[in-house]
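# Fold and geometry: a report
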Amino acid sequence: MSSFNPDEITRQIFRQVRQELNLGMGEYLAALEAIKGGYGTQNESDLQEVLQLLWCHSVEEQAQFQLEWKEIVVIKEASINPPIIESDNFSPTTTNKKPDISAPLSQVLPKIYTPQPIKHLAGIPVQSPPFKPVQDQSATPFHTYYPVTRRTMAYNWRYLRRLIPDGPEAVFDVDATIKLTADQGFFLKPVFIREKRNNAHLLLLIDQNGSMTPFHHFTRDLVETAKYESTLSPERVDVAYFHNIPAEYVYQDVYLTQPMPLVEVMEKCDSNTSIIIISDAGAARGYRRLPRIRETTRVLRQLKRYTNEVAWLNPMPPERWEGSSAQVLQYLIPMFPLDDEGLSQAIDVVRGQISYQSLI
């Protein structure tokens, strides 16, 4: 049975070279996606070539990567095939032989290995390699932190409802039927009312790439659960992506390759629209940029011309907002952390259950 495990080797080599090659979780997740797609799964050489293409951008980085790769392979082979140490002092024919008491002690005791000095080869002294501390090679797994689960997202989206009687008269109204029968003194016919439909409209403005890269998994789950696991129809959920600031143009795809004017997105909004912005607002890196605050404020004013049901979800915890642009923006718009409680409160805001003044 082959012991080749590309995921485990990728984890180990990533821990070795992440500082030297300045790698982040984006590069690590890209490597796992490549392995999941079938790249680098044949053997160790195949995996090495794939990782070099993804992580190395110069000849120096390739040389550093190859050096660390050899160490990983040596440690892996040593753990699979440990060396067998044979003792020269044990012999089945002499185990029952009594030692000679009159013999010197050095002849009776087993021989102890003593290191020999390094010999010279062709007159050139052999130099020992430079000292390099060995990093911990224990198989410590990466601990994944889920601020909000997919199940919680789907559960909270079901509270985003704006029910209006817009369907056919097919719902039996018990109270109205009883009242009509009591007023007439006899039962004539049942009373039916129109079926209520969810007329809520959701607009998600999602910050993409940059410091939001580690949270792509959660933003993708937010979009999927809102469209397919909520009481909203997929046609009533619009999604637009931006980078840092939802400026004059936003994008229709997660790769930010299909721009569209922000005005076209706003024209779809009305009084029944709920808008949620998902961005770290500079809190991930602790930046406070006045142009970002000014431009975001301008966009928020434009959004509030169409609807007042606007909230902000920040994937960073509130203690990280201090000193960043998020600290200023939280006074302009209801901002909540992207966790179970924060998502629930944001949905309460955008469906009109909690006013902004009550949160101040």
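This write-up is about the structure you can find in this document. Note that the structure is predicted; figures quoted are calculated from it, not measured. (Residues numbered from 1 in each chain as written. Predicted model: local features only at pLDDT ≥ 70, side-chain atom pairs only at ≥ 80, totals over all residues. Heavy atoms only, no water.)

Further remarks concern the overall build of the protein. Summing up its helical and strand segments, the protein has 13 helices and 11 strands in all. Of all 360 residues assigned to the protein, the portion counted as buried reaches 35%. In the protein, the proportion of contacts linking residues at least 24 apart, taken out of those at least 6 apart, comes to 70%. With an accessible surface of roughly 23400 Å², the protein has 54% of that area assigned to carbon and sulfur atoms. (Helix = DSSP H or I, 4+ residues; strand = E, 2+ residues; numbered from the N terminus. Buried < 20%, exposed > 50% of the residue type's maximum accessible area, 1.4 Å probe, protein only. Contact = heavy atoms within 4.5 Å. Areas by Shrake-Rupley, 256 points an atom, 1.4 Å probe, with all protein chains shown as cover.)

At a minimum axis distance of 9 Å, the contact between helix α6 (residues 150-157) and helix α8 (residues 216-228) shows a crossing angle of 40 degrees. Taken together, the axes of α6 and α8 lie oblique to each other. For the crossing formed where α6 meets α8, the hand is right-handed. Contacts between α6 and α8 pair Arg150, Met153, Ala154 and Trp157 from the former with Phe218, Asp221, Leu222, Glu224, Thr225 and Ala226 from the latter. Considering only residue class, the contact of α6 with α8 consists of 6 nonpolar, 1 polar and 3 charged. (Axes fitted to C-alpha atoms, helices over the stretch in contact; angles between N-to-C directions. Parallel < 35°, antiparallel > 145°, perpendicular 65-115°, else oblique. Left-handed = near helix turned anticlockwise from the far one by under 90°. Nonpolar A, V, L, I, M, F, W, Y, C, P; charged D, E, K, R; others polar.)

Taken as a whole, this structure holds 8 salt bridges when the rule is applied. Asp221 serves as the salt-bridge partner of Arg150, at 2.9 Å between the closest nitrogen and oxygen. Within this pair, whereas Arg150 is found in helix α6, its partner Asp221 is found in helix α8, the two being separated by 71 residues in sequence. What makes Asp221 buried here is its relative accessible area of 7%. A salt bridge links Asp207 to Arg292, with the shortest nitrogen-to-oxygen separation between them at 3.7 Å. Remark: Arg292 occurs in helix α10 (residues 290-303) and Asp207 occurs in strand β5 (residues 201-207); sequence separation between them is 85 residues. (Salt bridge = Lys/Arg side-chain N within 4 Å of Asp/Glu carboxyl O.)

Of note, Ser324 is situated in the loop between β10 (310-314) and α11 (325-329). There is a polar contact of 2.7 Å between the side chain of Ser324 and the backbone oxygen of Trp321. Not counting the four nearest positions on each side in its chain, Ser324 is found in contact with Ala281, Gly282, Ala283, Gly286, Tyr287 and Arg288. (Polar contact = N/O pair within 3.5 Å; in protein donor to acceptor, adjacent residues only side chain to side chain.)

A separate point is the nonpolar core. Counting 56 residues, the largest nonpolar core has Trp157, Leu202, Leu204 and Ile277 as its most contacted members. Apart from the residues within four sequence positions on either side, Trp157 is in contact with Leu202, Leu204, Leu222, Thr225, Ala226, Ser230, Thr231, Ile276 and Ile347. One finds Leu21, Leu23, Tyr28 and Ala31 within the second-largest nonpolar core, a separate group that totals 18 residues. (Core = buried A, V, L, I, M, F, W, Y, C linked by side-chain atoms within 4.5 Å.)

Along the chain, Thr307 falls in the loop between α10 and β10. One polar contact links the side chain of Thr307 to the main-chain carbonyl oxygen of Thr273, over a distance of 2.9 Å. If we skip the residues at most four places from it in the chain, Thr307 touches Asp270, Ser271, Thr273 and Ile275.

Of all 7 residues in β5, 7 are buried; the element is thus mostly enclosed. Where β5 lies against strand β9 (residues 273-278), 6 bridges are found, and the strand directions are parallel. From the neighbouring strand, His201 faces β9, where its bridge partner is Thr273. In terms of strand pairing, β5 meets strand β6 (residues 237-242) through 6 bridges, oriented parallel. Bridge pairing links Asp207 to Phe242 in β6. For the handedness criterion, the β-α-β arrangement of β5, α8 and β6 is classed as right-handed. (Pairing = 2+ DSSP bridges. Right-handed = clockwise from strand over helix to strand, strands pointing away.)

To continue, consider a nonpolar patch on the surface. On the surface, Phe172, Val174, Ile178 and Phe192 cluster together into a nonpolar patch covering about 380 Å² of accessible area. Topologically, Phe172 is positioned in strand β3 (residues 163-172). (Patch = residues over 30% accessible without salt bridge, like charges linked within 9 Å, V, L, I, M, F, W, Y side chains within 5 Å.)

Let us now look at the packing of aromatic side chains. A complete count under the given rule lists 6 aromatic pairs for this structure. Here Phe14 and Tyr28 contribute two aromatic rings whose centre-to-centre distance is 4.8 Å and whose plane-to-plane angle is 40 degrees, an arrangement assigned as tilted. One end of the pair, Phe14, is in helix α1 (residues 6-17); the other, Tyr28, is in helix α2 (residues 25-36), and 14 residues separate them in sequence. For Phe14, a relative accessible area of 0% translates into the label buried. Here a set of aromatic residues connected by ring pairs shows up, and it is made of Phe14, Tyr28, Trp55, Phe65 and Trp69. Against the face of Tyr287 rests Arg289, its NZ or CZ located 4.4 Å from the ring centre. (Phe/Tyr/Trp six-rings, centres within 6.5 Å; stacked < 30°, edge-to-face > 60°. Lys NZ or Arg CZ within 6 Å of the ring centre and 35° of its normal.)

This next bit is on the pairing of β9. Burial analysis of β9 places 6 of its 6 residues in the buried class, which makes it a mostly covered element. Every second residue of β9 is oriented toward a common face, with Thr273, Ile275 and Ile277 on one face and Ser274, Ile276 and Ile278 on the other, all of them buried. As paired elements, β9 and β10 share 4 bridges and run parallel to each other. Along β10, the bridge assignment pairs Ile275 with Val310.

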